[in-house]
Amino acid sequence: MTPQNRTVWYIRGLIAGAFVALLLAWLFVPAVNSFIDRSLSAFLALDPREIERFIHSYGSLAAVVSFLLMIFQAIAAPLPAFVITFANASLFGAFWGALLSWSSAMVGAGLCFYIARMMGREAVEKLTGKAVLNSVDGFFDRYGKHTILVCRLLPFVPFDPVSYAAGLTSIRFRQFMLATGLGQLPATLVYSWVGSLLTGGTFWFVSGLFILFALTIVIIAAKAFYQERLKRNS
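Residues numbered from 1 in each chain as written. Predicted model: local features only at pLDDT ≥ 70, side-chain atom pairs only at ≥ 80, totals over all residues. Heavy atoms only, no water.

1. Comments concerning the nonpolar core
Here is the rule we go by: Take the buried residues of types Ala, Val, Leu, Ile, Met, Phe, Trp, Tyr and Cys, join any two whose side-chain atoms come within 4.5 Å, and each joined set is a nonpolar core. Burial classes follow relative accessibility: with a 1.4 Å probe on protein chains only, a residue under 20% of its type's maximum area counts as buried, one over 50% as exposed, and anything between as partly exposed. Secondary structure follows DSSP: runs of H or I at least 4 residues long count as helices, runs of E at least 2 residues long count as strands, and numbering of each begins at the N terminus. In what follows, residue pairs with any heavy atoms lying within 4.5 Å of each other are defined as contacts.
In this structure, Ile55, Leu69, Ile148, Ala166 and Phe176 are the most contacted members of the largest nonpolar core, which totals 41 residues. Sort the elements by how many residues they give to this core and helix H6 (residues 94–119) lands first, with seven residues. Not counting residues within four places of it along the chain, the set of residues in contact with alanine 166 comprises Phe113, Arg117, Phe140, Ile148, Ile171 and Phe176.

Spelled out as structure tokens, the structure:
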């Protein structure tokens, strides 16, 4: 076994050990069990106010708890991240809430990327579901190296499966993080803006989705125009 393969197996062992340790802590450590159970209950309610109350209950550690929640939802792909973003904006304001949501989402995306790269497709399918991963594969086949940016701008494309799927490709981590950071920023700003508003939230939320959709159409159209121009010049 080469040193590189040995390192991969060590990292795989660490990741598997971390999952086992988390499972054991959930089962046998009351504080961890309470945190995870309350987090899941708040997520499943799909209520930003419930998430907000949960985060706020930790007082001075609220920002840390929010950060951990975003990472938790990133690894547990079916959980929605936008409710945390709304709650952060309500608790910490549009600017600081957006910064907290964006930075924690970036860390979560990076972890998903490396979990996929180290553990392989079989492990990722168990985390995301085979059908979801196959669907995201379709985006990679269609948009190639622009997939990450396009998917981050599309509000209806799940965030975490894209991160996992990217880890299964040959894309470099630096390129993945750059595209994720740029693509995730508009959505984070829109959601944070909406979350900070006391009234008219539904109107602004729908408006924000249309803005993101419009940006995506512009990018796709620009790419198509560029490719067509290359074909004509070749």
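2. Notes on the pattern of salt bridges
To keep it simple, the criterion reads: Throughout this description, the term salt bridge denotes a Lys or Arg side-chain nitrogen within 4 Å of a carboxyl oxygen of Asp or Glu.
In this structure the tally under the stated criterion is three salt bridges. Linking arginine 53 and glutamate 50 is a salt bridge whose minimum nitrogen-to-oxygen distance equals 2.9 Å. Here glutamate 50 and arginine 53 lie together in helix H3 (residues 48–56), a separation of three residues that amounts to about one turn. With a closest N to O distance of 2.5 Å, aspartate 137 and arginine 121 form a salt bridge. Taken together, the positions of aspartate 137 in helix H8 (residues 130–143) and arginine 121 in helix H7 (residues 121–128) put the pair 16 residues apart, joining distant regions of the chain. You can call arginine 121 partly exposed: its relative accessible area is 31%. Each of Arg121, Glu125 and Asp137 takes part in a single network of salt bridges with overlapping partners.

3. A word on the packing of helix H4 (residues 62–75) against helix H5 (residues 82–92)
Selection rule: Angles shown run from 0 to 180 degrees and are taken between the N-to-C directions of axes, each axis being a line fitted to C-alpha atoms and, for helices, limited to the stretch in contact. Any angle between 65 and 115 degrees counts as roughly perpendicular, while under 35 counts as roughly parallel, over 145 as roughly antiparallel, and the rest as oblique.
Running from amino to carboxyl end, H4 crosses H5 at an angle of 170 degrees, the nearest separation of the two axes being 11 Å. Judged by the inter-axis angle, H4 sits roughly antiparallel to H5. Of the residues in H5, those in contact with Ala62, Ala63, Ser66, Leu69, Met70 and Gln73 of H4 are Ile84, Thr85, Asn88 and Phe92.

4. Things to note about a nonpolar patch on the surface
Counted only if it meets this: Two distance rules govern patches: like charges are joined within 9 Å, and nonpolar side chains (Val, Leu, Ile, Met, Phe, Trp, Tyr) within 5 Å, applied only to residues with over 30% relative accessible area and no salt bridge. Throughout, the Shrake-Rupley method with a 1.4 Å probe supplies accessible areas, and for residues the shown protein chains are the sole cover considered.
Among the surface-exposed residues, Val20, Leu23, Leu24, Leu27, Phe28 and Val29 lie close enough to one another that they form a single nonpolar patch of about 580 Å² accessible area. Its place among the elements puts leucine 24 in helix H1 (residues 3–28).

5. Thoughts on the side chain of asparagine 88
To be explicit about the condition: Any pair of nitrogen or oxygen atoms within 3.5 Å is treated as a polar contact; in protein, a donor-acceptor pairing is required on top of that, and neighbouring residues in sequence qualify only through side-chain atoms on both sides.
Summarising the element assignment, asparagine 88 is placed in helix H5. Within the structure, asparagine 88 has its side chain in polar contact with the side chain of serine 66 (distance 2.6 Å). Apart from the residues lying within four places of it in its own chain, the contact partners of asparagine 88 are Ile55, Ser66, Gly93, Gly97, Leu100 and Ser101.

6. Overview of the packing of aromatic side chains
For clarity, the threshold we go by: Note on aromatic contacts: the rings of Phe and Tyr and the six-membered ring of Trp form a pair at centre separations within 6.5 Å, being stacked when their planes are under 30 degrees apart, edge-to-face when over 60 apart, and tilted otherwise.
The full count for this structure, using the stated rule, is seven aromatic pairs. Between phenylalanine 113 and phenylalanine 176, the aromatic rings sit 4.7 Å apart at their centres with planes inclined by 25 degrees, giving stacked as the arrangement. In this pair, phenylalanine 113 sits in helix H6 while phenylalanine 176 sits in helix H11 (residues 173–196), placing the two residues 63 residues apart along the sequence. Of the two residues, phenylalanine 113 and phenylalanine 176, both sit in the buried class. Following the ring pairs from residue to residue traces out a cluster consisting of Phe113, Tyr114, Phe173 and Phe176.

7. Looking at the confidence of the model for the chain
Our working rule: Scored from 0 to 100, pLDDT reflects the predictor's confidence in each residue.
On average, the chain scores 78 in pLDDT, and the residues at 70 or more come to 75%. The element-level mean pLDDT for the chain is lowest in helix H12 (residues 201–233), coming to 57, with H6 highest at 91.

8. A word on H3
For clarity, the threshold we go by: The arc refers to the directions leading from the helix axis to the C-beta atoms.
Considered for burial, the residues of H3 that qualify are Ile51, Glu52, Phe54 and Ile55. Looking straight down H3, one finds its buried side chains confined to an arc of 165 degrees; they lie on one side.

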